[in-house]
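Reading the structure
Residue strings, one per chain:
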Amino acid sequence: MNVLVIGSGAREHTIVWKLRQSPQVRALYCAPGNAGIGKMATPVSLKPNDIAGLARFVRENSIDLTVVGPEQPLVDGIVDQFEAAGLAIVGPTKAAAMLEGSKAFAKEFMASCNIPTARFRSFGAGELDEAERYARQLGLPVVVKADGLAAGKGVVICESFDAAVITLRDMLQNKSFGRAGEQVVIEEYLVGEEASVFALTDGDRYALLASAQDHKRILDGDRGKNTGGMGAYAPAPVVTSEILKRIEEEVVLPTLRGMKERGTPYRGCLYCGLMITADGPKVIEYNCRLGDPETQVVLPLIEGDLAEIFMSIAEGRLDPAAVRLHDATVVCVVMASRGYPDDYQTGKAIHGLENVKQEDGCVVFHAGTRMDGDQILTSGGRVLGVTAIGYSHELQKTIDAAYRAVGLITFDGAYYRSDIGQKALQHLPKPEQRSPK
Ligand code: AMP
Ligand code: GLY
């Protein structure tokens, strides 16, 4: 099977790494890829949004299957265009990707299917007064969200009504988020711990991957600005088997059923971003793709052949039993460029990558890197996802392995959080409390 992966981050590097393990995969391409991906897949210099160019490449190179990493091409309808041309692709159609593409749509959908989520209302440009009144009604803090895709910046948690009013005017009147902010969702602030659960689905059948927890803030202790994600681990102990069952029954099943009933069956990876509240799991958001950095910790836990799993999704014949999971823990620590998520420098030489060995259970997934001759340079805010794949239950050991690997790598201005996984340990019995095996 010849496979094309679309995207250029550590998520796509992980997908490529896992596909490389499949005996079925012959040629593997990545558009556009990065320095790490380039060692496992042939780079294709096409942008993820160049749907026509990608379709042409697929036809000319006898690609059997295309896998889409990022959301934008999905929301733009890459799946519809590929399928219309008879090309096999994994991902939701444009109509199904609306679950991520429009927060107002996702919320209305959840309300109509009785899927647990924060109380909300959506408002358009002419409804500023009503929006302000509703924000006051909900109480503080109140959450204001731009409707459309906003590169992770469209959610503002307002601690005062003044802040809510400023945000609402900014989005609805000043159009600071462009078209993404022409409509806003105002919702209740949820208290609890966040977790992500991914369902791989062909629209009818589905298989859940291990639960994961991202670390979105830039500083230790979940302080500072929101980022794309500074690290992750799987499985997430906050998602007990009882909670996972509720997520399956109260979120995943009704979402897939509801999308099918609307005539827009959801195929691909359904990302459920959840808050585990005192009342149980509630959906914060859906995404129409795998998460980053969650992919780095959930894909290594799949025992089966990812190429076969993806192909069966594209062909509408997923066998959930084929998605077996390792009983183990995985931890990913993101090494970023100092200054991220604001301004940062790029072009710094990365040293020590060769010291991290898969035999020791560690893999470095590249997020923002590029080749310059023989040298690998930084080229983004998030640079590397240093990942320990501990084939043991002991999360602490896996955390230690990830940080040992981080210690082997240097580049000018490298920054990482030092507490990835700590929150999980709080849910686990202390080593001395565990019963001897
Ligand atoms: P997003 O940019 O959509 O990933 O959302 C950013 C973050 O905002 C989420 O990961 C949550 O931490 C937070 N968030 C969004 N909605 C809520 C909510 N209703 N209550 C509490 N936190 C929220
Ligand atoms: N880790 C957050 C995301 O992929 O959206």
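None of the values given here were measured: they were computed from a predicted structure. (Residues numbered from 1 in each chain as written. Chains lettered and ligands numbered in written order. Predicted model: local features only at pLDDT ≥ 70, side-chain atom pairs only at ≥ 80, totals over all residues. Heavy atoms only, no water.)

**Describing the environment of Gly280**
Selection rule: Helix numbering and strand numbering both begin at the N terminus, where a helix is a DSSP run of H or I of at least 4 residues and a strand a DSSP run of E of at least 2. Burial here depends on accessible area, computed with a 1.4 Å probe over protein chains only, as a share of the maximum for the residue type. Under 20% is buried, over 50% is exposed, and the range in between is partly exposed. Pairs of residues are marked as contacts when any of their non-hydrogen atoms sit within 4.5 Å.
If you trace the backbone, Gly280 turns up in strand S17 (residues 280-287). Accessibility expressed as a relative area gives 4% for Gly280, which makes it buried. For Gly280, the residues in contact, after removing those within four places along its chain, are Arg246 and Met275.

**Section: the pattern of salt bridges**
So the rule is basically this: Salt bridges are defined as contacts in which a side-chain nitrogen from Lys or Arg sits within 4 Å of a carboxyl oxygen from Asp or Glu.
Evaluated as defined, the whole model comprises 23 salt bridges. Here Glu308 and Arg317 are joined by a salt bridge, their closest N and O atoms 3.1 Å apart. Residue Glu308 is classed as partly exposed on the basis of its relative accessible area, which comes to 28%. Residue classification places Arg317 among the partly exposed residues on the basis of a relative accessible area of 36%. Residue Asp419 pairs with Arg417 through a salt bridge whose shortest N-O separation is 2.9 Å. The same class applies to Asp419 and to Arg417, which are both buried. Each of Asp220, Asp222, Arg417, Asp419 and Lys423 takes part in a single network of salt bridges with overlapping partners.

**Structural notes on the site of ligand 1**
Rules: Proximity is defined per residue: if any heavy atom of the residue lies within 4 Å of a molecule or strand, that residue is considered near it. Pairs of N or O atoms are called polar contacts if they sit within 3.5 Å, as long as, within protein, a hydrogen donor faces a hydrogen acceptor (for residues adjacent in sequence, only side-chain-to-side-chain pairs). Here the Shrake-Rupley method, with its probe set to 1.4 Å, supplies the accessible areas, and only the displayed protein chains count as covering residues.
Around ligand 1, 15 residues are found, and the nearest of them are Glu187, Leu190, Glu194, Lys216 and Glu285. Here a nitrogen atom of ligand 1 and a side-chain polar atom of Glu187 are 2.7 Å apart. Within the side chain of Glu194, a nitrogen or oxygen atom sits 2.3 Å from an oxygen atom of ligand 1. Considering ligand 1 on its own, with 490 Å² of exposed area, one finds that the protein chains cover 91% of that surface. Only strand S7 (142-146), strand S8 (155-158), strand S9 (183-188) and S17 provide two or more residues apiece to the shell around ligand 1.

**Topic: the packing of aromatic side chains**
The test is simple: Centre distance within 6.5 Å is the pairing criterion for rings of Phe, Tyr and Trp, where only the six-membered ring of Trp is used; planes under 30 degrees apart are then read as stacked, over 60 as edge-to-face, and the remainder as tilted.
Under the counting rule described, the total for this entry stands at 7 aromatic pairs. With a centroid separation of 5.8 Å and an interplanar angle of 45°, the aromatic rings of Phe123 and Tyr134 are classed as tilted. Taken as a pair, Phe123 in strand S6 (residues 120-124) and Tyr134 in helix H7 (residues 128-138) lie far apart in primary sequence, 11 residues in all. When sorted by exposure, Phe123 lands in the same class as Tyr134, which is buried. Between Phe198 and Tyr271, the aromatic rings sit 4.9 Å apart at their centres with planes inclined by 90°, giving edge-to-face as the arrangement.

**Here we look at the site of ligand 2**
The test is simple: Residue polarity is assigned by list, with Asp, Glu, Lys and Arg as charged and Ala, Val, Leu, Ile, Met, Phe, Trp, Tyr, Cys and Pro as nonpolar; anything else, Gly included, falls into the polar class.
For ligand 2, the full set of nearby residues is Asp214, Lys216, Gly228, Tyr271, Asn287, Arg289, Gly291, Asp292, Pro293 and Glu294. At 2.9 Å, a backbone N or O of Asp292 approaches a nitrogen atom of ligand 2. In the environment of ligand 2, a nitrogen atom lies 2.7 Å from a nitrogen or oxygen atom belonging to the side chain of Glu294. Considered class by class, the residues forming the shell around ligand 2 number 2 nonpolar, 3 polar and 5 charged.

**Some details on the side chain of Ser337**
Following the sequence through the fold, Ser337 ends up in strand S18 (residues 329-337). Ser337 sits in the buried class, given a relative accessible area of 4%. Excluding its chain neighbours within four sequence positions, the residues that come into contact with Ser337 are Tyr344, Gln345, Gly380, Gly381, Val383, Phe411 and Gly413.

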